[in-house]
Amino acid sequence: METCDVVVIGAGAAGLYCAGLLGQQGRQVVVLDHARRIGEKIRISGGGRCNFTNLNGADPARYLCTDPRFVRYALKEHPPERFIARVRHAGIGFHEKHLGQLFCNDSSQQIIDMLLADCRRGGVQIRHPVTVTGMQRLVVRESQEPEESRLADRPSATGAPPVPGIRALQDTDAGQAPRFEIRTTAGVLRARSLVIATGGLSIPAIGASDFAWQLATEWGLQTIAPRPGLVPLTMTSSAWQPFAALSGVALPVDVSVTVSPPGRAKTRKPQSVRFGEDLLFTHRGLSGPASLQISSYWRAGQPLWLNLLPGIERAGEWLVDLKHGRLAASPLSEGKRGDGQPHRQQLGTILSTLLPGRLARAWLAGAATLSGTQWPPQLAAALQGLREDMRLTDLPDARLRELGQALNAWPLVPAGTEGYRKAEVTVGGLATAELDPTTMMVRRIPGCYWIGEAVDVTGWLGGYNFQWAWASAWVAARAL
Ligand code: FDA
């Protein structure tokens, strides 16, 4: 039977980085992956240029986690600068695109090649496609002779049948004897340490699986139920028709949602999470960075608050001032005084100077009655019957104030998301209460480490998810 120091399951971002570091520390490492092509998420990331980290990636506030303190240690020990230094050393050119996001100048493949070169340097064996058919924890006697024992199957957290043959054993520790046995379609391996780096559920077509959830359930570990994150949101198709025609229209917005932070009910105060980013209308709903970011926080049935005029804090007052000639009409002459004459321009014309024209017209015609919008009754009444050809001077000040209020806070309730097929990440994973944040080792299973997206840590859009993959892998490798 083959024995090695560490078996890493999952040859993605976290698994390859961890294996390369371990190999270079002199560990005998075998990486197993069931996919024909490894590192696929790295390859397709960032539109083929891999947004490999973010200059703000050490800020714990940019990660969702049931225990927000959990990520602090790894991000402090392995801040973005550490990975940036590795990328520089490999001679990979990169640039900052937007909001601290770092992208390769040429291709994501350069990051994969760098990780594979580190693995080669460390003598790491990468085996794929290999299916793990069973795993056991070994009970080690004083003689250090491993012996098997089994527990009954448990149902999987995700509802899927358990991974065949995976059994948890009572743990004891004895010197350097192997603690895990991994059966695969390419033979049986025994290892002292095991690293679970099988990622999340998004994009099953390139190898994503619920392996980590199944294994955690099998081994009696707590998980946070998975849901798609960084994913386009969908609206009820019949209701969305007037806006579906806007597919491709993009604009900067502020989007927010109210979240209940985890913790005891008494100490939970709902908080508003807000992103100022571009929103993209699609034929099924909303996409673009604003929608992707908020989707990770959004829960079914909740409204999103869309501010279509993020540059005009109190759009209602702005419209009233405009009507009375107290402001110049063009938003380009922001804050400039008007000529004091009543403003007779049409609503459609005014809104088209602030929003894409097609959106301004569709919104005036359809937002009042769009099902999936939770208008307060007063705003719903104010929006009823508005037409693009109405003049500012035709509308009472109170109604203009309500119109502005509605443009500043459109309460839209998505019907759902595009699911794992389109999600960039999975929110949820192994509960961080199971892990020591300074090692990423499962507290109850000595020698077993859990890293990357398979842990209940999800980053914002913009390089934060790779940053977590590198940081958690680095902490585990250093501890091993
Ligand atoms: P990752 O998914 O990278 O690797 C998991 C590995 O485990 C895979 O190789 C898989 O085949 C293997 N595996 C799964 N089940 C297995 C099983 N049962 N047996 C054996 N092997 C198994 N993030 C970011 O920071 N910047 C970006 O630009 C992007 N862009 C982006 C685009 C798209 C389209 C997607 C889908 C995702 C992104 N991401 C991203 C997210 C990022 O790709 C992701 O968070 C990391 O790859 C997670 O790294 P892991 O190593 O944890 O999982």
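Heads up: the structure comes first, above all this text.
A brief report on the enclosed structure follows. (Residues numbered from 1 in each chain as written. Predicted model: local features only at pLDDT ≥ 70, side-chain atom pairs only at ≥ 80, totals over all residues. Heavy atoms only, no water.)

### Some words on the overall build of the protein chain
Part 1 of the reasoning: Assigned secondary structure in the protein chain consists of 14 helices and 23 strands.
Part 2 of the reasoning: Looking at the 480 residues of the protein chain, the share that counts as buried comes to 55%.
Part 3 of the reasoning: Sequence separation of 24 or more characterises 73% of the internal contacts of the protein chain that already satisfy a separation of 6 or more.
Part 4 of the reasoning: Of the roughly 20500 Å² of accessible surface on the protein chain, 50% is carried by carbon and sulfur atoms. (Helix = DSSP H or I, 4+ residues; strand = E, 2+ residues; numbered from the N terminus. Buried < 20%, exposed > 50% of the residue type's maximum accessible area, 1.4 Å probe, protein only. Contact = heavy atoms within 4.5 Å. Areas by Shrake-Rupley, 256 points an atom, 1.4 Å probe, with all protein chains shown as cover.)

### Description of unusual backbone geometry
Part 1 of the reasoning: Here His 128 and Pro 129 are connected by a cis peptide whose omega angle stands at -10°.
Part 2 of the reasoning: Checked against the element boundaries, Pro 129 lands in the loop between β7 (125–127) and β8 (132–137).
Part 3 of the reasoning: Residues other than glycine seldom take positive phi values, yet Met 440 does so here, at roughly 65°.
Part 4 of the reasoning: Structurally, Met 440 is set in the loop between β21 (425–430) and β22 (448–450).

### A word on the packing of aromatic side chains
Part 1 of the reasoning: Tallying each qualifying case throughout the model produces 18 aromatic pairs.
Part 2 of the reasoning: Between the aromatic rings of Phe 52 and Phe 94, the centroid separation amounts to 5.6 Å while the plane-to-plane angle is 85°, which identifies the pairing as edge-to-face. You can see Phe 52 sitting in strand β3 (residues 51–54) and its partner Phe 94 sitting in strand β5 (residues 94–96), a full 42 residues away along the chain.
Part 3 of the reasoning: For Phe 52, a relative accessible area of 0% corresponds to the buried category.
Part 4 of the reasoning: Note on Phe 243 and Trp 410: the rings are 5.5 Å apart at their centroids and 45° apart in plane angle, and the pair reads as tilted. Placement of the pair is Phe 243 in helix α7 (residues 237–244) and Trp 410 in strand β19 (residues 410–412), with a sequence separation of 167 residues. Per residue, the accessibility class of Phe 243 equals that of Trp 410, and both read buried. (Phe/Tyr/Trp six-rings, centres within 6.5 Å; stacked < 30°, edge-to-face > 60°.)

### A short note on the nonpolar core
Part 1 of the reasoning: Among the nonpolar cores identified, the biggest contains 142 residues, and Ile 111, Phe 281, Trp 363 and Trp 450 are the most heavily contacted of them.
Part 2 of the reasoning: With 11 residues, the single largest contributor to this core is helix α14 (residues 464–479). (Core = buried A, V, L, I, M, F, W, Y, C linked by side-chain atoms within 4.5 Å.)

### Some thoughts on the site of the ligand
Part 1 of the reasoning: Close to the ligand lie 31 residues; Ala 14, Asp 33, Ser 209, Glu 453 and Phe 466 are nearest.
Part 2 of the reasoning: Coverage of the ligand by the protein chains reaches 92% of its 1000 Å² of free accessible surface.
Part 3 of the reasoning: Going through the elements one at a time, α1 (13–24), α2 (40–44) and α14 are the ones with two or more residues in the shell around the ligand.
Part 4 of the reasoning: The leading source of residues in the shell around the ligand is α14, at 4 residues.
Part 5 of the reasoning: Of the residues assigned to the shell around the ligand, the class counts are 14 nonpolar, 13 polar and 4 charged. (Near = heavy atom within 4 Å. Nonpolar A, V, L, I, M, F, W, Y, C, P; charged D, E, K, R; others polar.)

### Looking at the sheet that holds strand β6 (residues 101–104)
Part 1 of the reasoning: Here 3 strands make up an open sheet; going across it, the order is β3-β6-β5 and the pairing antiparallel. Bordering the open sheet on either side are β3 and β5, each of which pairs with just one other strand. Taken pair by pair, the neighbouring strands of this sheet meet at an average axis angle of 30°, ignoring direction.
Part 2 of the reasoning: Sheet analysis places β3 next to β6, joined by 3 bridges and oriented antiparallel. If you follow Asn 51 over to β6, its bridge partner there is Phe 103. (Pairing = 2+ DSSP bridges. Axes fitted to C-alpha atoms, helices over the stretch in contact; angles between N-to-C directions.)

### Here's the deal with the environment of Asp 278
Part 1 of the reasoning: Structurally, the position occupied by Asp 278 is in strand β16 (residues 271–281).
Part 2 of the reasoning: You can call Asp 278 partly exposed: its relative accessible area is 39%.
Part 3 of the reasoning: For the pair Asp 278 and Ala 250, spaced 28 residues apart in the sequence, the C-alpha separation amounts to 6.5 Å.

### Observations concerning the pairing of strand β15 (residues 250–259)
Part 1 of the reasoning: Within β15, 7 of the 10 residues are buried, which leaves it mostly tucked inside the rest of the structure.
Part 2 of the reasoning: Where β15 and β16 come together, 10 bridges link them in antiparallel fashion. Bridging from a neighbouring strand, Val 255 pairs with Phe 275 of β16.
Part 3 of the reasoning: Alignment of β15 against strand β18 (residues 304–307), held across 3 bridges, turns out to be antiparallel. Looking at β18, one finds that Ser 256 is bridged to Trp 305.

### Here's the deal with the sheet that holds β15
Part 1 of the reasoning: The antiparallel open sheet is built from 7 strands, whose spatial order is β19-β18-β15-β16-β17-β14-β20. Taken across any chain shown, the strands that pair with only one partner, and hence form the sheet edges, are β19 and β20 (416–417).
Part 2 of the reasoning: Two elements, β16 and strand β17 (residues 285–287), share 2 bridges in a ladder whose sense is antiparallel. By the bridge assignment for β17, Phe 281 is matched with Leu 286.

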